[in-house]
Amino acid sequence: MIRVNGRDVGFDDPGESLAEFLRRNGDKSCKIGCGIGACGACTVLVTSSYPTGPKAPRSLNACLAPVASLAGCEVSTSHVLGNSKDGFHAVQERVGAFHASQCGYCTPGMVVACHAAKEKARAGGAGRSNGGENGGATPELQAVEHGLDGNLCRCTGYRPLLDVVKSFAPGVDIEDLGLHSPLDASPVDGHAAPAADGSSAATPSHDSKTPVEGGGKLWHFPESLSELSEILKQHASSAGGVQTIVAGNTGSGIYKELWPSASAVVCVQRVREMRGIECKQDALVVGAAVTIAELADFLSSDPSAAAGSTAGGANGKTTGQAQPPFAAMAATLRRVAGTHVRNAATIGGNLVLARSQGLESDVATLLAGWGASVHANSPGSKSATQAAESAKIESARILLESLAGSLNLMRAPEQDAEDAGSTLGVLDFVGAGDKLDPGAVVTHVTLPLPTEGDFYWCHKIAPTYSNTHSIMNAAFKLALEARPDSATPVVSSATLVFGYPGHTGRRVTQRASAAEKALAGTELSLDSLVAALQAVVTDLSPAPDMQQYCRGTAQGLLLQALAPLLRDAERDLPPAVARLLQIPAFGPPAPVKGSQKFEEVGHESAPVGLPIEKDRVKLQASGEAVYTGDIDMPLGGLHAAFVTSTQARASIAGIDPSAALKLPGVVDFVSAKDIPKHRNLISYSFIPQPDEPIFADERVEYYGQPLGVIVATTQASLGSLQLSNIPGGIEYFGQPVSLVLVAAAVAAAAAVQVQYADIQQPIVTIQQALDAGQVLPESMMTGGVSLVGDPQGAIAGAELSLKGVELESPSNYHFYMEPQAGQVAMCVPDEGGSMKVYNSTQIADVLQEAVARALGLRLHDVNAICRRVGGGFGGKLNRNVPVATACAVAADKLRRPVQLVLERRADMALIGGRQPMKVTYDVGFTREGLIQGLDIKVWLMSGAYFDCGWDALLIKEGTELCYAIPNMRADVKTCRGNLPPFTSMRAPGKPQLTLLMEQVLDSVAAACGLDPTLVRERNLAKMPEWPQEDGKEGSVQFTFTEPGGMAMTKIPASEYTLPQLWRRLKDSCDYDNRLKEVEAFNASSPWVKRGITITHSRFDAVIPSKPAAVAIYPDGSVLVYAAGSEVGQGLTTKAKQVAVLELSRVLPKGSGPLPLDLVRMGDNTTYVLPRGFLTGGSTTSEGACAGVRKACQELVGKLKPFAEKLGEKATWEAVVTAACNAGGMLDPSKVSLLAASSNDATEGADVPPSYVLFGAACSEVEINMLTGEREILRSDLMIDCGRSINPAIDIGQAEGAFVQGLGFYFSEQVGYDHDTGKVVTASPWHYAIPTANSIPRAFNVEFLPGVRFDRGILSSKAIGEPPLLLAASAFFAVQGAVRAAQQELRHGLAAGESQRGGSPDFAASNASPKSVLHLGAAPGGGSGQKGTPGMVQVPSNLQNVKGAIGPFDLAAVLAQGAKKG
């Protein structure tokens, strides 16, 4: 029994995840986004009542917590914090007010996380920045923002969410925060939220000494070491002797195989001796079940005060500062995973995972660097026996007092000598092998208290500040001995510990013994530092592809740690050396700030043009908004799971489902044999020649290709199954899964046996496809050639040229928060063989058509239904179809409802993302940077089947962006490989295209030694003289002139707003002065470099034809159907605004707009709105609004006569009543208040209008040459979106798109096993999207004012995709910083001021007339790719940034500096 939202609820299966338990019991506010504790969609608030549990509420990931582990706890979800019935919570209200929800799938989890951070801050326990004091009731904004570090959002860009949580911080002026609606000055904190002191927690519902049985397992909850020992001895002597020990259970998120078919599960989070922190005279003893968050909070205090120590150093800061000695460790512990994982994950569990699984553990490195030891007991050991006696003094021993979130140190009485058992150093424990009894249990960790002269430094290098695992980490501890006759201390001992990917592929945590030897026993001097830097390179044995990065970064970490000490110790350092010892300080990212500017509109157009809250945003915040996966299954419903291939290129010799069909709960196996061959195709009108089967039958063409589905009963559990029943164990989409946590269908799918023949090496790269001749025939969608002038002739005649430059970009995932089954595909057979398909889709028409063709039905027999989509970004445009079609085939065969859900890892393995790209180009240009000729060859990868991706078409037609290039060719081709079919992704083709063209301009600028922004300006298309001689405004001609495609060849000059917004951006962001500041900074800073640049975006838009239906009911309420899916872009909100604007015209002037709540939006359904076309291209809202507008205008025409009769007394209700009462019931003249319409075009046009929209962005970044770390300091966006229908929504779209673009350019990369074709990044553990701490620290967005677009829908323009392209500004700012770093290496390091500066060696000043400039080696070294200096591979992750800078030996640099003096 646990208490959920104020009521006691029993459970049958103790191993069921809390998330599944909550959803099965009706609380759908708990979403399941990733299943590994990374996304935070399942965040809940938990308050413990058992004696050793944390008393203050803490946020946890419900997807990781077995329900039994929370017995006796109070669990609160977003729904109980506030809801539409009882009133909304203050956090939920502010989510709406700050426009902080778009698709809404992540929002309930965000609400709980915000509430938890707010409450922790209120209690004074928000944490300390780098160990610094928090200031009691006035927490630092950094700490409050940090409360969201365990939550991901793909839509908003995080800025408004951070504003929500900051709005609750004491001392914050809300008006200093971002765009928001008026707020209640005294917000209500909700209705059933747990008290801060935990007083509302449930009491334990069962005797903890009595095991809980369920799911075929026995669950134990010991409360002492002696009880634990007895339980372990009992099961060790029983048949099988298998048991699983759990505490926070967070490891099961990463290592699904950690749940074997154990007969017993032992929860240790209540064991008193394992839940304490004890301060002995010379050591700190930390119980193994203490959580990472608890230890971090505890260490932020001063547990060494009793020892009188004054030493300490924290993360690059010098010693002597007034910081607790454990501050550096506490700060780095707060970067482990995310907040909710840290609240559950234990110190002992983390170390055990590092030992058994090779976990990339920061905890192990931090503790090993401190010199900690691990104590483990075996059942029956002396230690276990003595535990019972120790319990007599437990009130003194258990020192972890959780009072309102704060942890207070209590002095413990002196204890006897260390208990018996095994005690090992952390490194010995992690690599202990057979040194420990296999049944040993870690009970505690011991940290020696610091003594006078101790110096400790640690750092974690990761893709983002937190919520990702480290690439490398380090922890150093020096014992410094002061000498009375010298200011230079002696290093009496040194411990240098590194964690990094080892040469065997497993994580290595080790001491750098050679470097330690170079330091120990010597004076801390430049010589000893140089010796240590030389030695540390020999200490590490990294993975082959990481050797250069790891060894160079190890030197960098050592220099960052020791340079401040050396600078303090040696006052008379040579100037060159003193400069090299200027080391950047580390700390949490600064709080985000920014501005959002737009042109305000008059009330005559209200509510259009106003920043209205999103439709039903508070229902999203409370979790009441219904997504496809929230719809309850009808009676008799079944669950399905894909059976997939484990080969990527082979023939199928046989499929044997017999073992699976014998498993409990399994109903059937549905495969290609159940479909006529001509219907076994993913087929719809977008694909003229379909070739992708629903289920593979004869051959498989990619790893994970569906072979069929297993269908099983709805709530079947695997608790009673044995591994022996499933040959080969449990894997799903090539990933190990937990027996306890999966349904029968998934397990049975893994049991299907498949035999293969003719197994061949898969094609996984573009180059392999080219070598194999796997190039698709040329068509509009697969490529072709665009040509103007004579590019090769122009290049040959140019002053300067670059030839054979190569560039690549990888695929990246959509990573919508709602997986492709929350998109669930639930198919319900209906009468007469018809089918209802509930699916999270961006194009219901295609879904309807594909299901109808697969089942042999007519279109009117299939109704595709979708209320809202939890994020799509193109991934639910076409690739939802294979999921839904397979589900429909199963439902049709069995004539029962079937639900097919892909959990996150299966989704990421099956659904292809953005198309990878490979490019080579030649470019000729003048010394002033004007491009005269450009010849580009582009190859894209389609995957195993062509999925109607738009990338090739859009790259071919708009290659030039807005650059005026007189001679240019773009030759685009699409290749085929053995990978999941790639598909459209937000702004398909455009990010690759922007990367390509801006790289051309960047390389030209580097060759000329010019500012890239200046070179871009010089090459932009110019405005024509206006007016023309004939009095007309003239037009702007783009490079490619072939008409008839998606891209426009020329536009009216008045619509070419790029020059205007470019100038406004340069002025508003003070670009010229900031460029000078960046150059000055780079001249003075040896190791940190900055870059700043401006890039632009061009986006060709087409407004599609969209049907709409509007009905007015007799009470005056209005129901609107608008074609298109609400994916978070605000379609329904804008449609409501337009409907209210138009319907308000019924009333006399001055009456004001009708209330928005008069209108309700209907679900997207093909039975009401057929042929609604796709949701994509950024113009769906415009098209939908146009359709709604025309339908409303028709209704206004019907109502106007009644309003005129009523005159000044006309009210909406009176007019509608009069219309409804006109004529009798059978009167043929009776007024119908229903209108259906379609926007065939804007006024007077025959086809949907096309237009081009523009934007520009300036970004400033900072990179660390020593580690490759980078931070975006500031980004300013200037966008022409016409006159926005809803500026709040559109600014959110701009920010979210920009941040998603940062993922493309900075961190996201899909990886494959080249031998098998298997996706190896199918998890947020291995795939890093931007987090809240990844976004620019200053983030400013402005919509260009004074713009009218009369051809558009209410003068508005598209917004959803174009800002994504502006993230290129940050990427190319990184390249600018890299070039500054390369220049430092050539001219600056160890040189005097006069020797720094000047043009790069590559610049045209060194080239003769008509030179072909030589290309540098590949970025990152050794790939064979040719690039220009400063060129960074995409994504610009840490390894690629440091690789682009190039290798350098820090020891040699320092030695050179000493020689130069």
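These numbers were taken from a predicted model, which means no experiment stands behind them. Sequence order as written defines residue numbering, which begins from 1 separately in each chain. Where totals are concerned, whole chains, interfaces and linings use all residues; where local detail is concerned, this predicted model gives features only for residues with pLDDT of at least 70, and gives and counts side-chain atom pairs only at 80 or more. For side-chain calculations, the full set of non-hydrogen atoms in the structure is used, while hydrogens and water are omitted.

K.L.:
An account of the overall build of the protein chain is needed here, citing residue identities and associated values.
P.N.:
Here a helix means four or more residues in a row that DSSP labels H or I, a strand means two or more in a row labelled E, and each is numbered from the N terminus. Counting its secondary structure elements, the protein chain contains 41 helices and 51 strands. Out of the 1461 residues belonging to the protein chain, those deemed buried represent 65%. Across the protein chain, the fraction of contacts at a sequence separation of at least 24, relative to all contacts at a separation of at least 6, is 78%. Here the protein chain has roughly 48300 Å² of accessible surface; of this, 51% comes from carbon and sulfur atoms. For each residue, the accessible area found with a 1.4 Å probe, counting protein chains only, is set against the maximum for its type, and the residue is called buried under 20%, exposed over 50%, and partly exposed in between. Here, two residues are considered to be in contact whenever any of their heavy atoms come within 4.5 Å of each other. Accessible areas in this description were obtained via Shrake-Rupley with a 1.4 Å probe; residue shielding takes into account the shown protein chains only.

K.L.:
So what about the environment of E1142? Which residues, and what values?
P.N.:
Checked against the element boundaries, E1142 lands in helix α34 (residues 1131-1143). Each C-alpha atom, one on E1142 and one on V608, is 9.9 Å from the other, the two residues being 534 residues apart in sequence. E1142 has contacts with R1189, C1192, Q1193 and V1196, leaving out every residue within four places of it along the chain.

K.L.:
Help me get a handle on the packing of aromatic side chains, residues and values and all.
P.N.:
Any Phe, Tyr or Trp ring, taking Trp's six-membered ring, that has another such ring centre within 6.5 Å forms a pair; planes under 30 degrees apart are called stacked, those over 60 apart edge-to-face, and the others tilted. Counted by the stated rule, this structure contains 13 aromatic pairs. Here the aromatic rings of W457 and F476 are separated by 5.6 Å at their centres, their planes lie at 15°, and the arrangement is stacked. Placement of W457 in strand β17 (residues 454-461) and of F476 in strand β18 (residues 472-483) is noted, with a sequence separation of 19 residues between them. Comparing W457 with F476 shows no difference in burial state: the two are buried. Ring geometry for F476 versus F498: centroids 5.3 Å apart, planes at 65°, classification edge-to-face. Here F476, found in strand β18, pairs with F498, found in strand β19 (residues 486-501); they are 22 residues apart in sequence, far enough to count as distant. Judged on exposure class, the residue F476 and its partner F498 are both buried. Through pairs of rings, three or more aromatic residues link up here, namely F1304, Y1305, F1371 and F1372.

K.L.:
I'd like to hear about the pairing of β18, residue by residue, with values.
P.N.:
Taken across its 12 residues, β18 has nine buried, putting it largely inside the fold. Note that β17 and β18 share eight bridges and pair antiparallel. In the strand pairing of β18, K460 is matched with N473. For two strands to be treated as a pair, DSSP must find at least two bridges joining them. Of the strand pairs in this sheet, β18 and β19 are connected by 10 bridges, and their pairing is antiparallel. Paired with F476 across the bridge in β19 is L496. Connecting β18 to the next strand, β19, in antiparallel fashion are two residues.

K.L.:
Which residues make up the environment of L934, and what are the values?
P.N.:
Considering the arrangement of structural elements, one finds L934 in strand β38 (residues 931-941). Residues in contact with L934, not counting those within four places in the same chain, are P791, I795, Y921, D922, V923, I965, N967, M968, R969, M997 and V1000.

K.L.:
Describe in detail helix α33 (residues 1071-1084), supporting the description with residues and values.
P.N.:
Here α33 is 14 residues long and its end C-alpha atoms lie 20 Å apart, about the 20 Å a rise of 1.5 Å per residue gives. Regarding α33, the residues found buried are Y1071, R1074, L1075, V1078 and N1082. Along the axis of α33, the buried positions cluster into a sector of 105°, meaning they face one direction only. Across α33 from its buried face, at more than 90 degrees, point the exposed residues K1076 and E1077. Each helix should span, by expectation, one fewer than its residue count multiplied by 1.5 Å. Regarding the arc, it is the one traced by the directions from the helix axis to the C-beta atoms.

K.L.:
So, the pairing of strand β30 (residues 753-757): which residues are in play, and what are the values?
P.N.:
Here β30 shows a buried face lined by V754 and Y756 and an unburied face lined by Q753, Q755 and A757. Alignment of strand β24 (residues 650-656) against β30, held across five bridges, turns out to be antiparallel. For G654, the partnering residue across the bridge sits in β30 and is Q755.

K.L.:
Quick one: what's the story with the side chain of D1280, residue by residue and with numbers?
P.N.:
Tracing the backbone through its elements, the reader meets D1280 in the loop between β49 (1270-1279) and α37 (1287-1306). Within 3.5 Å is the distance limit for a polar contact, defined as a pair of N or O atoms, with the added protein rule that one can donate a hydrogen and the other accept it, and that residues adjacent in sequence qualify only through two side-chain atoms. In this structure the side chain of D1280 is engaged in a polar contact, spanning 2.8 Å, whose partner is the side chain of T1057. When near neighbours in sequence (up to four residues on either side) are disregarded, D1280 contacts T1057, L1061, L1253, F1254, L1344, V1347 and K1357.

K.L.:
Account for unusual backbone geometry, with residues named and values stated.
P.N.:
With an omega of 5°, the peptide bond between A606 and P607 qualifies as cis. Note that P607 resides in the loop between β22 (593-597) and α21 (617-622). A cis amide bond links V1434 with the next residue in sequence, P1435, at an omega value of 0°. Here P1435 lies in the loop between β51 (1411-1412) and α40 (1438-1445). Within the chain, Y158 stands out as a residue other than glycine whose phi angle is a positive 75°. Inspection of the secondary structure puts Y158 in the loop between α5 (141-146) and α6 (159-166). The exposure class of Y158 is buried, given its relative accessible area of 1%. The backbone of R616 sits at a positive phi, close to 60°, despite the residue not being glycine. Inspection of the secondary structure puts R616 in the loop between β22 and α21. Residue class for R616 comes out buried when judged on its relative accessible area of 19%.

K.L.:
Please give an account of the sheet that holds strand β5 (residues 74-76) that cites residues and values.
P.N.:
Spatial ordering of the open sheet is given by β2-β1-β5-β3-β4, a layout of five strands whose pairing is mixed. Across the chains shown, the open sheet's two edge strands, defined by having one partner strand only, are β2 (7-9) and β4 (58-61). Sheet twist, expressed as the average angle between the axes of neighbouring strands with direction ignored, equals 40°. Alignment of strand β1 (residues 2-4) against β5, held across two bridges, turns out to be parallel. To get an axis, a line is fitted to the C-alpha atoms, and for a helix only the part in contact is used. The angle between two axes follows their N-to-C directions and goes from 0 to 180 degrees.

K.L.:
Explain α6 to me, using residue names and the numbers behind them.
P.N.:
The buried count for α6 comes to eight of eight residues, which makes it a mostly enclosed element. Residues of α6 that are buried: R159, P160, L161, L162, D163, V164, V165 and K166. Structurally, α6 contributes buried residues whose contacts are with α3 (90-97), α4 (107-122), α5, β22, α37 and β50 (1338-1343).

K.L.:
Lay out the pattern of salt bridges in plain terms, naming residues and giving numbers.
P.N.:
One side-chain nitrogen of Lys or Arg within 4 Å of one carboxyl oxygen of Asp or Glu is enough to make a salt bridge. Counting across every chain of the model gives 65 salt bridges. Connected through salt bridges with shared partners, the residues E145, R159, D163, K166 and E1295 form a single ionic network.

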